[in-house]
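Below, each chain spelled out in residue letters.
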Amino acid sequence: MGELIDVCPVEELPPGARRIVTWEDIEIGVFNCDGELLAIEDRCSHDDGPLAEGELDTKQCTLECPRHGSLFDLRTGRPLTLPAYVPVDTFPVRVQDGLIKLEVD
Ligand code: FES
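Computed from a predicted model, the values in this text were never measured in an experiment.

Caption draft 1: Region of the structure containing the sheet that holds strand β6 (residues 62-64). Within the open sheet, the 3 strands sit side by side as β5-β6-β7. Their pairing is antiparallel. Looking along the sheet, the strands with just one partner apiece sit at the ends: β5 (55-57) and β7 (71-73). Ignoring strand direction, the axes of neighbouring strands in this sheet form an average angle of 25°. Pairing of β5 with β6 involves 3 bridges; the strand directions are antiparallel. Note that in β6 the partner of E55 across the bridge is E64.

Structural data, given as structure tokens:
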């Protein structure tokens, strides 16, 4: 198991909400997709766009890159539409003692 980093108390990330956390030299977006907690690196694999600021679809659990519009599956990090074609890293999310935590390594 990797290192666990604190994100925030569960009640601070309600359905539809997002939060960006920094770990070492990377930024990670943490999302609540209708109750499912998911995390993806905040860097588009196409042109390093700020992925986590994109439009979230909580029904499909997808995120649209604000720069050129690639749609990413938040569960797998895989792009569903061009121009991106390389997956983005995803991270396991846990809840422990009322705190959302991210597993990184
Ligand atoms: S930077 Fe994300 S689609 Fe181009």
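Caption draft 2: Structural view of the sheet that holds strand β10 (residues 99-104). Read from one edge to the other, the open sheet built from 3 strands follows the order β1-β10-β9, with strand pairing classed as antiparallel. Looking along the sheet, the strands with just one partner apiece sit at the ends: β1 (3-9) and β9 (93-96). Strand-to-strand, the axes of this sheet are offset by a mean angle of 35°, without reference to chain direction. As paired strands, β1 and β10 are joined by 6 bridges and run antiparallel to one another. Its bridge partner lying in β10, E3 is registered against V104.

Caption draft 3: Geometry of the pairing of β10. For β9 and β10, the ladder comprises 4 bridges, and the chain directions are antiparallel. Bridge pairing in β10 places Q96 opposite L99. Hairpin connection of β9 to β10: 2 residues between the antiparallel strands, including D97 at a positive phi of 50°.

Caption draft 4: Structural detail: the nonpolar core. Formed by 22 residues in total, the largest nonpolar core has its most connected members in V30, A39, I40, L51, F72, L74 and L102. Residue assignment for this core shows that the elements contributing at least two residues are β3 (26-33), β4 (36-41) and β10. Aside from chain neighbours lying at most four places away, what touches F72 is I40, L51, T62, L63, C65, G77, R78, P79, L80 and V88.

Caption draft 5: Expanded view of the environment of G16. For G16, the location among the structural elements is in the loop between β1 and β2 (18-23). Between the alpha carbons of G16 and R94 there is a distance of 17 Å; along the sequence they are 78 residues apart. Beyond its immediate chain neighbours, meaning those up to four positions away, G16 contacts N32, L56 and T58.

How each quantity is defined
- Residues numbered from 1 in each chain as written.
- Predicted model: local features only at pLDDT ≥ 70, side-chain atom pairs only at ≥ 80, totals over all residues.
- Pairing = 2+ DSSP bridges.
- Helix = DSSP H or I, 4+ residues; strand = E, 2+ residues; numbered from the N terminus.
- Axes fitted to C-alpha atoms, helices over the stretch in contact; angles between N-to-C directions.
- Core = buried A, V, L, I, M, F, W, Y, C linked by C-beta atoms within 7 Å.
- Buried ≥ 20, exposed ≤ 12 C-beta atoms within 10 Å, placed from the backbone.
- Contact = placed C-beta atoms within 7 Å.

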